[in-house]
Number of protein chains: 2
Amino acid sequence: MFYLRSMARIKTDKNISRKDVIVTKAAALFREKGFKAASMRDLAEAVGVEAASLYNHIKSKTELLHELCFSVANRFTHKIDEIEAEPINSIQKVEKLLRFHIHEMINHYEEVYVSDREWKHLADPYLSNFQNQRRIYRKRFAAIIEAGIRNKEIKKIDAPTAVLIMLHAISGIESWHRSTQKIGAEELEENMITILVGGLVNR
Amino acid sequence: MFYLRSMARIKTDKNISRKDVIVTKAAALFREKGFKAASMRDLAEAVGVEAASLYNHIKSKTELLHELCFSVANRFTHKIDEIEAEPINSIQKVEKLLRFHIHEMINHYEEVYVSDREWKHLADPYLSNFQNQRRIYRKRFAAIIEAGIRNKEIKKIDAPTAVLIMLHAISGIESWHRSTQKIGAEELEENMITILVGGLVNR
DNA sequence: ATATATTGCTAACATTCGTTAGTTGTTTTA
DNA sequence: TAAAACAACTAACGAATGTTAGCAATATAT
């Protein structure tokens, strides 16, 4: 028996739900075009399905953005939990945190980028929650730097400004990804650490 | 004589065209909501006029984006022309360029932000031109850093990576603007210079 | 093998969007 | 002051958007 028209399903490996496939494709699309400019029909095409079919797996377009933003934010929150508890000095904590940011930006580019740039399009209460979570994260990061300043490990600088510089500098890895003549990922990481940590340490 | 319905015109001072008023309001709106999410009806309301009336002064929504992006890009191009010609060392050139970026980001926040984040929505040939202009600018910036490395003024680092860090770090001033507890603009500037230049210099 | 749950499809909806046409009111020019 | 230029308005268009309803095909469980 054969069918004139076959309904090809979204391909999934074990342990990867169809929803995960959609979320992943959404990240790539939102990164490329921006959340607002990316249409559900674009996403459907990327997934290989009709637009309406997506709604068997997801609740709404905004839900995709929630999932992306919070999965990224939660990873950073867990990491700073971990690092705060370690018995190392402030500069080492900053360096560990920066390296984590760099790895995330290199390896989960699309999601991290979307979370960074498109969170504005979240709707309340997600919007407020997200902003809160980020604000708290930055405060904890700043607190690590302030501890380093008190120990004289770190220059006397405004800690929130330092945090702002670090986080945005790392988001510049976006340009590296789009660049045609990329240096290696490890070299990129070492250069970033050299410049950023070098700008903090007290000598 | 009086009118039941009055047609209030867009207010203009001398030397400020109605188009300039629209472009300025567009910058604020595009910054707040993003280019795609900001509608012409939103813009009309901000200007105090009906949406259709805008088209007596502008050609299209995209034209607004062109004007914003290129006016910003041209200011940076002119500045680097100027700085390249000065008889000062590389670190001083970098510092001057950074201070210019910081001033622009502080004083022309909305336009610079829009140019930085929303250029993706330009259409060709503007898109290609813009990307080209930015690429060339970054190369010239990198060349200044490379000269500094050759003179041993600057650490041995990958110059394009350094440029990427600097430019994105400065775009972080966006967070400063949105922050409720802002430090002063001068203090912000000095902190940024301390950290960024401090990360470059060879000691 | 049959029943049930999934997942796909087509068609269509209500909105919103950028933009144009045509007109009226207001300012500037001759 | 009349004519010409300018800038506002109302109305509407066609296209695109997110989403729903209802049905067909496929996979899974009994």
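Residues numbered from 1 in each chain as written. Chains lettered and ligands numbered in written order. Predicted model: local features only at pLDDT ≥ 70, side-chain atom pairs only at ≥ 80, totals over all residues. Heavy atoms only, no water.

### Considering the relation of the copies chain B and chain A
Mapping chain B onto chain A is achieved by rotating through 180 degrees and translating by 0.0 Å along the same axis, at an RMSD of 0.0 Å. Accordingly, the operation relating the two chain copies is best matched by a two-fold axis. For chain B, the smallest separation between a C-alpha atom and the rotation axis is recorded for Gly199(B), amounting to 1.8 Å. Mapped onto chain A, 100% of the interface residues of chain B are again interface residues, and the two copies thus contact each other with one and the same surface. (Least-squares fit on C-alpha atoms with pLDDT ≥ 70 in both. Contact = heavy atoms within 4.5 Å.)

### Here we look at the interface of chain B and chain A
At the interface, 39 residues of chain B touch 39 residues of chain A. At the boundary of chain B with chain A, total buried surface from both sides reaches about 3,100 Å², with 64% on carbon and sulfur atoms. Taken together, chain B and chain A are joined by zero salt bridges. At the junction of chain B and chain A, the tally comes to twelve residue pairs in polar contact (both at pLDDT 80 or more). Of all the elements in the fold, those that place two or more residues in the side of chain B that touches chain A are helix H1 (18-33), helix H6 (109-118), helix H8 (159-171), helix H9 (173-178) and helix H10 (185-198) of chain B. No other element matches the eight residues that H8(B) contributes to the side of chain B that touches chain A. (Buried area = accessible area lost by both parts, 1.4 Å probe. Salt bridge = Lys/Arg side-chain N within 4 Å of Asp/Glu carboxyl O. Polar contact = N/O pair within 3.5 Å; in protein donor to acceptor, adjacent residues only side chain to side chain. Helix = DSSP H or I, 4+ residues; strand = E, 2+ residues; numbered from the N terminus.)

### A word on the domain arrangement of chain A
Residue and element names in this part refer to chain A. Annotation of chain A at the domain level lists domain 1 (18-56) and domain 2 (64-198). Computed over C-alpha atoms only, the centres of domain 1 and domain 2 are separated by 27 Å. Contact with domain 1, which involves 13 residues of that partner, is made by twelve residues of domain 2. Summed over both partners, the interface of domain 1 with domain 2 buries about 1,100 Å², with 77% contributed by carbon and sulfur atoms. For the pair domain 1 and domain 2, the number of links is two salt bridges. (Domains from an automatic or database assignment.)

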